[in-house]
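# Analysis of the macromolecular model
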Amino acid sequence: EADIYQTPRYLVIGTGKKITLECSQTMGHDKMYWYQQDPGMELHLIHYSYGVNSTEKGDLSSESTVSRIRTEHFPLTLESARPSHTSQYLCASMGWSTEAFFGQGTRLTVV
Amino acid sequence: DAKTTQPPSMDCAEGRAANLPCNHSTISGNEYVYWYRQIHSQGPQYIIHGLKNNETNEMASLIITEDRKSSTLILPHATLRDTAVYYCIVRVPRSQGNLIFGKGTKLSVKP
């Protein structure tokens, strides 16, 4: 059973609000990833981190930002949510085993 | 990381073997082949990986051709719960590279 958690599972929020999606893992993994996925569509990598104080943008441009102050925590922030940000956001981590573990995802709806 | 090509969809009868192909003709010598699957909108789940020898675990078997330019994931007795999107990824283990998922193959197991 993977020890990676995302909160909240579901979020409905108004346009213009600032939101933070939480992702935490207790496996001591250095590498962490954020993906965005619309229903029935492919996973798009939006951010990743190789370790503390390391963050990189993924293949899909995103208005969100991330931080990695602690190994176990990789939050994603949207400063001003818009309806175009409505999507599912999935967090993953990977250690030396090279197997990636995914959280349950956060379904974000911006109204 | 090498690019992979998978058929967009496949059907399989329940109880029969599901054989999912993947082409990775530009794979380099130190890249492994990994398979993940994503059931409905859950986070992807690791299935199996290999370098050049065939591999088997409790979930599936992985057959890699001798020239390593293609591989096949085999689910020996598909069940309805195996209906999912299956992703083939090639990458160097423990590398700092991105973890990119392509479009995958949508496998539909039918009664």
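Refer to the structure printed above.
Let me begin by describing the structure that accompanies this report. (Residues numbered from 1 in each chain as written. Chains lettered and ligands numbered in written order. Predicted model: local features only at pLDDT ≥ 70, side-chain atom pairs only at ≥ 80, totals over all residues. Heavy atoms only, no water.)

### Details of the overall build of chain B
Across its full length, chain B carries zero helices and nine strands. Its helices and strands taken in sequence order, chain B reads β-β-β-β-β-β-β-β-β from the N to the C terminus. Relative to the compact-globule value of 13 Å for 111 residues, chain B shows a C-alpha radius of gyration of 13 Å, a close match. If one aligns the C-alpha atoms of chain B with their principal axes, the spans along those axes are about 40 × 30 × 25 Å. The buried share of chain B, reckoned over its 111 residues, is 46%. Here the analysis covers contacts within chain B between residues at least 6 apart in sequence; of these, 57% occur between residues at least 24 apart. For chain B, the computed accessible surface area is about 5700 Å², with 50% contributed by carbon and sulfur atoms. Taken together, the 12 basic and 9 acidic charged side chains of chain B have centroids lying 5 Å from each other. (Helix = DSSP H or I, 4+ residues; strand = E, 2+ residues; numbered from the N terminus. Rg over C-alpha atoms; globule rule 2.2 N^0.38 Å. Buried < 20%, exposed > 50% of the residue type's maximum accessible area, 1.4 Å probe, protein only. Contact = heavy atoms within 4.5 Å. Areas by Shrake-Rupley, 256 points an atom, 1.4 Å probe, with all protein chains shown as cover. Lys, Arg positive; Asp, Glu negative; His and termini not counted. Charge placed at Lys NZ, Arg CZ, Asp CG, Glu CD.)

### Some remarks on the pattern of salt bridges
Residues and elements named next belong to chain B. The final tally for this structure, using the stated rule, is five salt bridges over all chains. Measuring nitrogen to oxygen at the nearest pair gives 2.8 Å for the salt bridge that ties Arg37 to Asp82. Here Asp82 lies in the loop between strand 7 (70-75) and strand 8 (84-91) and Arg37 lies in strand 3 (residues 32-38), a separation of 45 residues in the sequence. Of the two residues, Arg37 and Asp82, neither departs from the other in class, the shared state being buried. (Salt bridge = Lys/Arg side-chain N within 4 Å of Asp/Glu carboxyl O.)

### What about the packing of aromatic side chains?
Applying the stated criterion across every chain yields a total of ten aromatic pairs over all chains. One aromatic cluster in this structure is built from A:Tyr33, A:Tyr35, A:Tyr48, A:Tyr50, A:Phe102, B:Tyr36, B:Tyr46, B:Tyr87 and B:Phe101. The positively charged end of A:Arg68 is found above the aromatic ring belonging to A:Phe74, 5.8 Å away from the centroid. (Phe/Tyr/Trp six-rings, centres within 6.5 Å; stacked < 30°, edge-to-face > 60°. Lys NZ or Arg CZ within 6 Å of the ring centre and 35° of its normal.)

### A short note on unusual backbone geometry
In this structure, A:Pro8 follows A:Thr7 across a cis peptide bond, with omega equal to -10 degrees. Following the sequence through the fold, A:Pro8 ends up in the loop between strand 1 (4-7) and strand 2 (10-13). Even without glycine at this site, B:Arg68 takes up a positive phi of about 65 degrees. Within the fold, B:Arg68 resides in the loop between strand 6 (61-64) and strand 7.

### Details of the nonpolar core
Residues and elements named next belong to chain B. Ranked by size, the top nonpolar core spans 21 residues in total, and within it Leu20, Trp35, Leu73, Leu75, Tyr86 and Leu107 carry the most contacts. Listing elements by their share of this core, those giving two or more residues are strand 2 (18-23), strand 3, strand 4 (45-50), strand 6, strand 7, strand 8 and strand 9 (105-110). Tallying contributions element by element places strand 8 first for this core, with four residues. When near neighbours in sequence (up to four residues on either side) are disregarded, Tyr86 contacts Gln6, Leu20, Trp35, Tyr36, Arg37, Ile47, Leu73, Leu75, Gly104, Thr105 and Leu107. (Core = buried A, V, L, I, M, F, W, Y, C linked by side-chain atoms within 4.5 Å.)

### Side note on the sheet that holds strand 3 (residues 19-25) of chain A
Residue and element names in this part refer to chain A. Pairing in this open sheet of four strands is antiparallel, and the strands run 1-3-8-7 from one edge to the other. The sheet terminates laterally at strand 1 and strand 7 (65-66), the two strands that pair on one side only. Summarising the sheet, strand 1 and strand 3 pair through four bridges and their orientation is antiparallel. Pairing of Ile4 across the sheet is with Gln25, part of strand 3. (Pairing = 2+ DSSP bridges.)

### Remarks on the interface of chain A and chain B
Contacts between the two partners involve 20 residues from chain A, matched on the other side by 20 residues from chain B. Overall, the association of chain A and chain B removes approximately 1900 Å² of surface from exposure, summing both partners, and the carbon and sulfur fraction of that is 51%. At the surface where chain A touches chain B, the tally comes to one salt bridge. Between B:Lys103 and A:Glu42 there is a salt bridge, with the nearest N and O atoms lying 3.0 Å from each other. Where chain A meets chain B, there are six residue pairs in polar contact (both at pLDDT 80 or more). At four residues, the largest contribution of residues to the side of chain A that touches chain B is made by strand 4 (residues 31-37) of chain A. (Buried area = accessible area lost by both parts, 1.4 Å probe. Polar contact = N/O pair within 3.5 Å; in protein donor to acceptor, adjacent residues only side chain to side chain.)

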